[in-house]
There are 2 protein chains.
Amino acid sequence: MPLQHRRSDCPISYCLDLVGDRWTMLVIRDMVMFGSKRFSEFQSSGEGIATNVLSDRLQCLAEGGILECSVDRDDGRKRIYRLTEKGIDLVPILIDLAQWGGRHDPNTAVPIEFRKRIENDREGVIAELRAQLESLGHG
Amino acid sequence: MPLQHRRSDCPISYCLDLVGDRWTMLVIRDMVMFGSKRFSEFQSSGEGIATNVLSDRLQCLAEGGILECSVDRDDGRKRIYRLTEKGIDLVPILIDLAQWGGRHDPNTAVPIEFRKRIENDREGVIAELRAQLESLGHG
DNA sequence: TGACTTAACTTGCATTTCACAAGTGACCGT
DNA sequence: ACGGTCACTTGTGAAATGCAAGTTAAGTCA
């Protein structure tokens, strides 16, 4: 999705221009749910994203202000990808996606406890994830 | 997005396999926010979706159980597209997308009142839209 | 120091999807 | 019967995707 041109002034369209493809939200998911920070971690997270596509998505997300990339101080080969505030604000969307999938996917892998937690305390789950991600930011 | 094969058992991935592209959620938006029901209404809703893509998306959404298509009784040329329960359950995601766009898009078209309503009474907004859509179903 | 490995890309290429324009066929009003 | 409308379908070039292989810079070990 090489940085889409603006299609309209609709906020939903704006959002989809940035994260509306089959891969981008999976990268965000890896960061939010599994704490992924590295290229290799995104690469090996199950769905099998191609390296060129991953590279492209990370760059677009960085250009879109959703994440930031820095070089690992202890190992110059490695990059560290971290969500910005704008990126962290995507957490509610991610939770809703998970909730919808959990409800409507007959073969869902979401444990029933987690589904119930989201159902009963959505705000709490969001706050928790948000706090985790923000603490990483100042690490 | 010709009906993606299942990439993993992740609920988010499941969701993205169905609605994770640049157009599908805009079709849903038209149905939820503007009450669109017709091919021509989706076509003329601002972003300029191509007819072949729209046709494909509607078919995929129908196959995915997110909407249903029926022939207009008064005019055999026209189709009526209506969201199923599964489709209506996407409303929270849509609201979150709108909220995120409204917050992070510097040129957002979302009126500040609506943004505040979502911020203060998300559940209320969702319930209202849901009720509207459900009443259409038994029309 | 030099060979080897690892991390993060980049390149090439065949396949798929997309955008755009044009065409088709069922159906309607007159 | 005829022109117009609605919902598609087809054709075509451009762009994105998936896959395999290659590249570059940096770290590791002998």
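Scroll up to find the structure this text is about.
The structure reproduced in this document is the subject of the present report.

Rules of the game
Residues numbered from 1 in each chain as written. Chains lettered and ligands numbered in written order. Predicted model: local features only at pLDDT ≥ 70, side-chain atom pairs only at ≥ 80, totals over all residues. Heavy atoms only, no water. Near = heavy atom within 4 Å. Polar contact = N/O pair within 3.5 Å; in protein donor to acceptor, adjacent residues only side chain to side chain. Helix = DSSP H or I, 4+ residues; strand = E, 2+ residues; numbered from the N terminus. Nonpolar A, V, L, I, M, F, W, Y, C, P; charged D, E, K, R; others polar. Salt bridge = Lys/Arg side-chain N within 4 Å of Asp/Glu carboxyl O. Buried < 20%, exposed > 50% of the residue type's maximum accessible area, 1.4 Å probe, protein only.

**So, the protein's contact with DNA strand C**
Right, on to step 1. Neighbouring residues of DNA strand C: 19 residues in total, closest A:Thr51, A:Tyr81, B:Asn52, B:Arg57 and B:Gly76.
Right, on to step 2. Counting only the atoms of DNA strand C within 4 Å of the protein, the fraction contributed by sugar and phosphate is 71%.
Right, on to step 3. Here A:Arg77 contributes a side-chain N or O atom positioned 3.0 Å from a base oxygen of DNA strand C.
Right, on to step 4. When residues of the surface near DNA strand C are traced back to their parent elements, those giving at least two are helix H3 (39-43), helix H4 (51-63) and strand E2 (79-83) of chain A together with helix H4 (51-63) of chain B.
Right, on to step 5. Of the residues forming the surface near DNA strand C, the biggest block, 4 residues, is contributed by H4(B).
Right, on to step 6. Class assignment of the residues belonging to the surface near DNA strand C gives a composition of 5 nonpolar, 7 polar and 7 charged.

**What to know about the pattern of salt bridges**
Residues and elements named next belong to chain B.
Right, on to step 1. Applying the stated rule across the entire model yields 36 salt bridges over all chains.
Right, on to step 2. For arginine 38, the salt bridge goes to aspartate 72, with nearest N and O atoms at 3.5 Å. Of this pair, arginine 38 sits in the loop between helix H2 (24-34) and helix H3 (39-43) while aspartate 72 sits in the loop between strand E1 (67-71) and strand E2 (79-83), and the two are 34 residues apart along the sequence.
Right, on to step 3. Using a relative accessible area of 10% as the deciding quantity, one classes aspartate 72 as buried.
Right, on to step 4. Residues glutamate 119 and arginine 103 are paired through a salt bridge, measuring 2.8 Å at the closest nitrogen-oxygen approach.

Any link to function would need more than the numbers given here.
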